[in-house]
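Chains, contacts and geometry: an overview
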Amino acid sequence: DTGVSQDPRHKITKRGQNVTFRCDPISEHNRLYWYRQTLGQGPEFLTYFQNEAQLEKSRLLSDRFSAERPKGSFSTLEIQRTEQGDSAMYLCASSLFANTQYFGPGTRLTVL
Amino acid sequence: QQPVQSPQAVILREGEDAVINCSSSKALYSVHWYRQKHGEAPVFLMILLKGGEQKGHDKISASFNEKKQQSSLYLTASQLSYSGTYFCGTEPQGGSEKLVFGKGTKLTVNP
C-alpha cells in the first residue's frame with residue numbers, strides 16, 4: 001500500500017502527558033499537511049510543510065504543539081502537556097505541490 | 001472564513017438524486033470535494049479550479065461558479081456506497097494554499 005500512513009491509530013493519554021504522532025506521506029509527495037478534526041466538523045488546518053520547511057502554522061497551533069519534518073519525508077506532531085480539549089482526530093495529508101491532498105487514516109487522541 | 005455547506009443532512013432512497021452546495025464569502029481559486037465514512041479518512045472525489053468548469057466522476061459531478069464563490073456536488077442515481085459525510089475544502093485566491101473545510105453534509109442512502 002503506497003498511501004499515507006499514520007501511527008498510532010489510537011492514543012489514550014492522561015491530561016498533562018506529552019504525545020507524539022507520526023505521518024508517512026506518499027513517497028513522491030513534497031507537501032505534508034496536518035489537520036485536526038472534531039466530531040461533526042470538517043478537518044481544521046494546523047500546519048504544512050514543503051519538503052523540510054514548515055511554511056505555515058494555524059493560530060490553532062498553540063505553543064504546546066510542534067511539528068517537524070526533518071528530512072522532508074515523514075513528519076511528527078508533538079503535543080506537550082495535553083489537555084482534554086486536545087481530544088480529536090489528527091489527520092495527515094500529502095500532495096505533490098499544491099495539488100490534490102490525500103489523507104491518511106488519522107490518529108484518534110483521547111485525553112482523560 | 002469557513003465555507004457554508006447545505007443542506008446539513010439529506011436522506012435518500014437508492015436511485016434518487018441529491019445536490020450538495022458549498023458557498024464561500026471569499027474569492028476562490030479552487031474547491032475540493034471529499035467523502036468521509038464514519039471512522040475513516042476523507043477520500044478525494046474531485047477538484048475544481050477557477051474557470052467555472054464542471055467535472056464528472058461516474059455518477060458524481062460538480063460545478064464551480066467563481067463569480068458567486070459557490071460549488072455544487074451532484075449525485076445522480078445514488079448508490080448505498082454513496083453514504084457518508086461530504087466536505088468541501090476551499091482555497092482562496094492569491095492567499096495561502098491551505099484548504100478550509102466546511103462542516104460537512106451527511107448523506108444517507110437507504111435501500
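Look up a bit, the structure's there.
Residues numbered from 1 in each chain as written. Chains lettered and ligands numbered in written order. Predicted model: local features only at pLDDT ≥ 70, side-chain atom pairs only at ≥ 80, totals over all residues. Heavy atoms only, no water.

1. Some remarks on the pairing of strand β4 (residues 31–37) of chain A
Residues and elements named next belong to chain A. This is how it is decided: Relative accessibility thresholds used throughout: buried, under 20% of the residue-type maximum; exposed, over 50%; partly exposed, between the two (1.4 Å probe, protein chains only). Runs of E in the DSSP output that reach at least two residues are strands. Runs of H or I that reach at least four are helices, and both are numbered from the N terminus. We call two strands paired when DSSP finds no fewer than two bridges between them.
For β4, the buried fraction is high: seven of the seven residues fall into the buried class. Residue alternation in β4 divides its side chains into two sets, Arg31, Tyr33, Tyr35 and Gln37 and Leu32, Trp34 and Arg36, and both sets are buried. Relative to strand β5 (residues 44–50), β4 runs antiparallel, the two sharing six bridges. Considered in β5, the bridge of Arg36 is made with Glu44. Here β4 folds back onto β5, and the loop between the two strands holds six residues, one of which, Gly40, carries a positive phi near 80 degrees. As judged from the seven bridges shared by β4 and strand β9 (residues 88–95), these two strands associate in the antiparallel manner.

2. Quick word on the pattern of salt bridges
All names here are of chain A. For clarity, the threshold we go by: Salt bridges are identified by distance alone: a Lys or Arg side-chain nitrogen within 4 Å of an Asp or Glu carboxyl oxygen.
Per the stated rule, a full pass over the model turns up four salt bridges over all chains. In this structure, Arg22 and Asp24 form a salt bridge, with 2.7 Å as the shortest nitrogen-oxygen distance. Arg64 serves as the salt-bridge partner of Glu83, at 3.4 Å between the closest nitrogen and oxygen. A residue pair is termed long-range when its members are at least 10 positions apart, and Glu83 in the loop between β8 (75–79) and β9 and Arg64 in the loop between β6 (53–57) and β7 (65–68) qualify at 19 residues. Residue class for Arg64 comes out buried when judged on its relative accessible area of 10%. Here the salt bridges do not stand alone but share partners, grouping Arg64, Glu83 and Asp86 into one network.

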